[in-house]
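So the chains spell out like this:
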Amino acid sequence: MRAEVVIKYLGYVLLFNAVFLLISWILSVFMDPAPTTALLFTALICIIFGLFPLVFSANYDSISFPEGIIIVVAGWLITCTIGMLPYIMWGGEFTLANAFFESVSGFTTTGSTVLNNIEGLPYGLLFWRSSTHWIGGVGIIIFVLLILPHAKNARITLLNTEMSELSKSNFHYKARTTIRILVVVYLGLTLAETISLRIAGMNWFDAVNHSFATIATGGFSTKNTSVAYYNSPVIESIIMLFMLLSGIHFGILFGTIIGSKENIFTSKLVRSYVIVMFLGIFLVALKLYHDHFYDWWSALRYSSFQVISVGTTTGFATADTANWPVFTQIVMLYFIIQCAMAGSTSGGLKFDRVYLFFKALNKQVKFIRHPNAVFSLKIDNKLISEQLERQTMLFIVLYVFTLLVTTTLLAAMDIDLMTSFSAAAATLGNVGPGFSRVSSMANFGNLPDLAKLILSVSMLLGRLEIYSVIALFTIRR
Amino acid sequence: MKRKLKSKLLAGFMLLVSLLIVAGSISIFEFLNLGKTVSSLIDNNYKTIVASRSMLEALEREDSGILLLMLGQWERGRGILEEADSLFLDALELAKKNVTEKNEQAVVDSISDAYHFYRSKWQMPIVDTQKEGNITWYEHNIHQDFLETKGFVDDLMTLNQNNLYEEASTLKDKAHRAIMPGIVAIIGALLFSVLLNFYINVQFVNPLKRLIKAIKTHHPDDRLLETNIRSEDEIKELEREVNKMIIRYSRKD
């Protein structure tokens, strides 16, 4: 393994972060009474550490798989560490544990916060907070690959490392084209939502920040009470639409735009994803209405927003779900674990794997009845290899195991079961809010520092889809 | 691109120096901000709080002076009243010049109006009039105005005390912001030193070692040195020159 190659690519990652730090600082200069020098200083650190390897190292056209793994995992770790510097230097509610948690939550697009007074932050820092979502949404490595002028082979290796097998399905293009499609769809959605929210009455600053958080399926709001602050069905509808779209495979979205056969109207997977989501909304609304929480219209309004929000791993809120009936919480817990589609910006287990799981289950049942028959698995007319099927089943087991271990560790700190389990599921799935002490209108600030650290690791594991981290520890020099 | 060893090393050190300069500049800027906050605390709030205390003290003394006049002690009573009046007006003038908070102007104006009304009451003769020893007159005409003026002064003091507390509570954060760039720069410089050391090894020491080893193990039958040096600097140039030298000598032989 060539350390200088890894360091050089990490330099690119730092330089990319510096761009957004500088934008945040410029905003701070114009919008805040006292500009946030913490942003400028962190940007300069990124520039200095990012430029240094470029001065010393030669260009490398190819990188090995172990190098790719290390670049991706270390890239995320360095980004999260650098991302916490503006928070730490700002102070206030940001202790070391809080700053790291907020940074990891931002970059992994989890959207869990430790802050009680979000509106007390300066504009520059609020923008940086939302930017961490946007950078992390499609993956910082993807952005870096887009701007790299050389290294065709390195691009393929890094893309294979950053994206899971499932995410790569529906992308039948070369690495560079796939990256371009991802970024174009990402930019297009962000722009469309920003303009829509502005028309709906948000100011430009809030519109941009909420778009960043929606398209990245993050969930950081600029308001203490999240989207509930606006109390606007129009704004909620726009955000819901874009949350749903951001939870769909970007390759399928791109296919819809260019009029390809593989589009959101023909994909069985998308249809199933939407049906399951609507079923969840209906069940939650029915229970809320039945238990006299709201009238039918309000029950539908709040359940739609909350189910789509957790089901796409965004995490915005329009109601305090901690007070909702246990049945609705259980339905939403299912969505917190299931999450949205592979190839989107959402995290977690992914709907595709759950869908594949039930298909594989069906195949096994058929196999019991006809032991000598040969069955194949297909999703959207695409044959699923035995290898991918096995990998998916193993991933589900590994995911549940990680979830249980995290819950147990939190429970060991005398945190109640609902808080422990929902916090573990919400962070591993990069969803954001859980229930009880970490519900949609509460925050993670009240948890012990060690719990925040464990949950930060959980968020990173969820974003890196566990396998990459395991692969990292199995690399030999 | 061809980069010389000297420029590479210089670039490395320049980046390190720039990190420290920026950290130092930001710390200085934040400390200056901190200093400004402290001085604005003194200017904006503390001076007015002191003036308010003086006004309260003056009002208490004036109240004593009035009581002395009512007891027929004209000379002592007038002396105290004039001294307290001068103290009050000086303090009020200071408060007028130091209006910095929202709603403070309105409170200062209320003090001024209330005091001048109160003052007009005790400036009239008291000794050898019906007012002397008349406690009912004192209670209805003097004491009510005294309490009202005192109430406005209290409001001014509370307003400034609250602002002083709020500003002082931000001082902790400002001090934190002044110190943090320094701490981050120290950690950054340490990491940078490790990185610089790594690159010196990778870019200079290891290629030189490889070159030395290749020269030492070079066999007359071998045509060229194989060092696998990728950089385009003086070390690569040295390798090329050694190879040219080998070719020249092999032709001579």
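For the structure, check the block above.
Every value quoted in this text rests on a predicted model; they were computed, and no experiment measured them. (Residues numbered from 1 in each chain as written. Chains lettered and ligands numbered in written order. Predicted model: local features only at pLDDT ≥ 70, side-chain atom pairs only at ≥ 80, totals over all residues. Heavy atoms only, no water.)

## Some thoughts on the overall build of chain A
So, point 1. Helix and strand counts for chain A come out as 20 helices and 2 strands.
So, point 2. The C-alpha atoms of chain A give 22 Å as radius of gyration, which agrees with the globular expectation for 477 residues (23 Å, within 12%).
So, point 3. Reported as C-alpha extents along the three principal axes, the dimensions of chain A are approximately 65 × 55 × 50 Å.
So, point 4. Accessible surface for chain A amounts to roughly 18,200 Å². Of this, 67% is attributable to carbon and sulfur atoms.
So, point 5. Treating the 30 positive side-chain charges of chain A as one cloud and the 24 negative ones as another, the clouds have centres 12 Å apart. (Helix = DSSP H or I, 4+ residues; strand = E, 2+ residues; numbered from the N terminus. Rg over C-alpha atoms; globule rule 2.2 N^0.38 Å. Areas by Shrake-Rupley, 256 points an atom, 1.4 Å probe, with all protein chains shown as cover. Lys, Arg positive; Asp, Glu negative; His and termini not counted. Charge placed at Lys NZ, Arg CZ, Asp CG, Glu CD.)

## Notes on the overall build of chain B
So, point 1. Of the regular secondary structure elements, chain B holds 5 helices and 0 strands.
So, point 2. Counting from the amino terminus, chain B carries its helices and strands in the arrangement α-α-α-α-α.
So, point 3. Dimensions along the principal axes, computed over C-alpha positions, put chain B at roughly 135 × 30 × 20 Å.
So, point 4. The buried share of chain B, reckoned over its 253 residues, is 36%.
So, point 5. Taking all contacts inside chain B whose residues are at least 6 apart in sequence as the whole, residues at least 24 apart take part in 76%.
So, point 6. For chain B, the accessible surface area stands at approximately 15,100 Å², while carbon and sulfur atoms represent 59% of it.
So, point 7. Measuring between centres, the 33 positive side-chain charges of chain B sit 22 Å from its 36 negative side-chain charges. (Buried < 20%, exposed > 50% of the residue type's maximum accessible area, 1.4 Å probe, protein only. Contact = heavy atoms within 4.5 Å.)

## A short note on empty space enclosed by the protein
Residues and elements named next belong to chain A.
So, point 1. For the coordinates displayed, the defined rule picks out 1 cavity of 30 Å³ or more.
So, point 2. Approximately 40 Å³ is the volume found for the largest cavity.
So, point 3. In terms of lining residues, the largest cavity is bounded by Gln 306, Val 310, Thr 321, Met 332, Ile 336, Pro 433, Gly 434, Phe 435 and Ser 440.
So, point 4. Elements represented by at least two residues in the lining of the largest cavity include exactly helix H14 (296-311) and helix H15 (326-338).
So, point 5. Here the residues of the lining of the largest cavity are counted per class, giving 5 nonpolar, 4 polar and no charged. (1 Å grid on protein atoms, 1.4 Å probe; cavity = no way out; pocket = protein on both sides within 12 Å on 5 of 7 lines; lining within 4 Å. Points joined across faces, edges and corners; volume = space filled by probe spheres on them. Nonpolar A, V, L, I, M, F, W, Y, C, P; charged D, E, K, R; others polar.)

## So, the packing of aromatic side chains
Residue and element names in this part refer to chain A.
So, point 1. The final tally for this structure, using the stated rule, is 29 aromatic pairs over all chains.
So, point 2. Centre to centre, the rings of Phe 101 and Phe 444 are 5.4 Å apart; their planes meet at 35 degrees, and the pair counts as tilted. One end of the pair, Phe 101, is in helix H4 (residues 96-107); the other, Phe 444, is in the loop between helix H18 (417-428) and helix H19 (449-463), and 343 residues separate them in sequence.
So, point 3. Taking the relative accessible area as the measure of exposure, Phe 444 reaches 3% and is therefore buried.
So, point 4. A centroid spacing of 4.8 Å and a plane angle of 40 degrees characterise the contact between Tyr 294 and Tyr 302, whose relative ring orientation is tilted.
So, point 5. In this structure Tyr 294 comes out as partly exposed when scored by relative accessible area, which is 22%.
So, point 6. Residue classification places Tyr 302 among the buried residues on the basis of a relative accessible area of 15%.
So, point 7. A network of ring pairs unites the aromatic residues Phe 16, Phe 20, Phe 127, Trp 134, Tyr 186, Phe 212 and Phe 250 as a single cluster.
So, point 8. Between Arg 129 and the ring centre of Phe 220, over which it is positioned, the NZ or CZ distance is 3.9 Å. (Phe/Tyr/Trp six-rings, centres within 6.5 Å; stacked < 30°, edge-to-face > 60°. Lys NZ or Arg CZ within 6 Å of the ring centre and 35° of its normal.)

## As for the side chain of B:Ser52
So, point 1. Along the chain, B:Ser52 falls in helix H1 (residues 5-70).
So, point 2. A distance of 2.8 Å separates the side chain of B:Ser52 from the backbone oxygen of B:Thr48, its partner in a polar contact. (Polar contact = N/O pair within 3.5 Å; in protein donor to acceptor, adjacent residues only side chain to side chain.)

## A word on the interface of chain A and chain B
So, point 1. The partner chain B presents 31 residues to the 25 residues of chain A that form the contact.
So, point 2. Of the roughly 2,600 Å² buried at the junction of chain A and chain B (both faces included), carbon and sulfur atoms supply 76%.
So, point 3. Taken together, the links from chain A to chain B amount to 0 salt bridges.
So, point 4. Across the chain A-chain B interface, the total number found is 4 residue pairs in polar contact (both at pLDDT 80 or more).
So, point 5. Residue assignment for the side of chain A that touches chain B shows that the elements contributing at least two residues are helix H1 (3-31), helix H2 (37-56) and helix H3 (65-90) of chain A.
So, point 6. For the side of chain A that touches chain B, the class distribution of residues is 18 nonpolar, 5 polar and 2 charged. (Buried area = accessible area lost by both parts, 1.4 Å probe. Salt bridge = Lys/Arg side-chain N within 4 Å of Asp/Glu carboxyl O.)

## Thoughts on unusual backbone geometry
Residue and element names in this part refer to chain A.
So, point 1. Of note, Asp 414 is a non-glycine position whose phi angle comes to about 65 degrees, a positive value.
So, point 2. Structurally, Asp 414 can be placed in the loop between helix H17 (386-411) and H18.
So, point 3. The exposure class assigned to Asp 414 is exposed, which follows from its relative accessible area of 71%.

## Some remarks on the packing of H4(A) against helix H5 (residues 123-138) of chain A
All names here are of chain A.
So, point 1. Where H4 contacts H5, the axes come no closer than 6 Å and their chain directions differ by 45 degrees. In terms of their interaxial angle, H4 and H5 are classed as oblique. Contact residues: H4 offers Glu 102, Ser 105, Gly 106 and Phe 107, while H5 offers Trp 128, Arg 129, Thr 132, His 133, Ile 135 and Gly 136.
So, point 2. Broken down by class, the residue content of the contact of H4 with H5 amounts to 3 nonpolar, 5 polar and 2 charged. (Axes fitted to C-alpha atoms, helices over the stretch in contact; angles between N-to-C directions. Parallel < 35°, antiparallel > 145°, perpendicular 65-115°, else oblique.)

## Observations regarding the pattern of salt bridges
Residue and element names in this part refer to chain A.
So, point 1. Scanning the model with the defined rule gives 19 salt bridges over all chains in all.
So, point 2. Put simply, Arg 301 and Glu 236 hold a salt bridge, and the shortest N to O gap is 2.8 Å. One end of the pair, Arg 301, is in helix H14; the other, Glu 236, is in helix H11 (residues 233-246), and 65 residues separate them in sequence. You'll find Arg 301 and Glu 236 in the same group, each marked buried.
So, point 3. What you see here is one network of salt bridges that share partners, running through Lys 350, Arg 353 and Glu 465.

## A short note on the nonpolar core
Across soluble globular proteins, you tend to see nonpolar side chains buried next to one another.
So, point 1. Counting residues in each nonpolar core, the largest one holds 168 residues, and the members touching the most others are A:Phe41 and A:Ile239.
So, point 2. At 15 residues, the largest contribution of residues to this core is made by H3(A).
So, point 3. Listed in part, the 30 residues of the second largest apolar core include B:Ala51, B:Ala58, B:Val153 and B:Leu156. (Core = buried A, V, L, I, M, F, W, Y, C linked by side-chain atoms within 4.5 Å.)

## Quick notes on the side chain of B:Ser112
So, point 1. Within the fold, B:Ser112 resides in helix H3 (residues 104-123).
So, point 2. Apart from residues lying up to four places away in sequence, B:Ser112 is in contact with B:Leu92 and B:Lys96.

## Description of the environment of B:Gln105
Residue and element names in this part refer to chain B.
So, point 1. Relative to the helices and strands, Gln 105 resides in helix H3.
So, point 2. Here Gln 105 falls in the partly exposed class, since its relative accessible area comes to 40%.
So, point 3. For the pair Gln 105 and Ala 95, spaced 10 residues apart in sequence, the C-alpha to C-alpha distance is 9.2 Å.

## Section: the environment of A:Ile384
So, point 1. Here A:Ile384 lies in strand E2 (residues 382-384).
So, point 2. Considering only alpha carbons, one finds A:Ile384 and A:Leu356, 28 residues apart in sequence, at a separation of 8.9 Å.

## A look at a nonpolar patch on the surface
All names here are of chain A.
So, point 1. A contiguous nonpolar patch, built from Leu 279, Phe 282, Leu 283, Leu 286, Tyr 289, Trp 296 and Phe 327 and spanning about 640 Å² of accessible area, is present on the exposed surface.
So, point 2. In terms of residue count, helix H13 (residues 268-290) provides more of the nonpolar patch than any other element does, 5 residues in total.
So, point 3. Within the fold, Tyr 289 resides in helix H13. (Patch = residues over 30% accessible without salt bridge, like charges linked within 9 Å, V, L, I, M, F, W, Y side chains within 5 Å.)

## Points about H3(A)
Residues and elements named next belong to chain A.
So, point 1. Between its terminal C-alpha atoms H3 stretches 39 Å, which fits the 38 Å expected from 26 residues at 1.5 Å a residue.
So, point 2. Counting buried positions along H3 yields 21 of 26 residues, so the element is predominantly enclosed.
So, point 3. Taken from the residues just after H3, Gly 91 is the one with a positive phi, measuring 85 degrees. (Expected span 1.5 Å × (residues − 1).)

## What about the packing of H3(A) against helix H4 (residues 135-216) of chain B?
So, point 1. At their nearest, the axes of H3(A) and H4(B) sit 8 Å apart, and the two run at 140 degrees to each other. When the axes of H3(A) and H4(B) are compared, the pair comes out oblique. Facing H3(A), whose interface residues are A:Leu85, A:Ile88, A:Met89 and A:Trp90, H4(B) presents B:His176, B:Arg177, B:Met180, B:Pro181 and B:Val184.
So, point 2. Across the contact of H3(A) with H4(B), the residue classes tally to 7 nonpolar, 1 polar and 1 charged.

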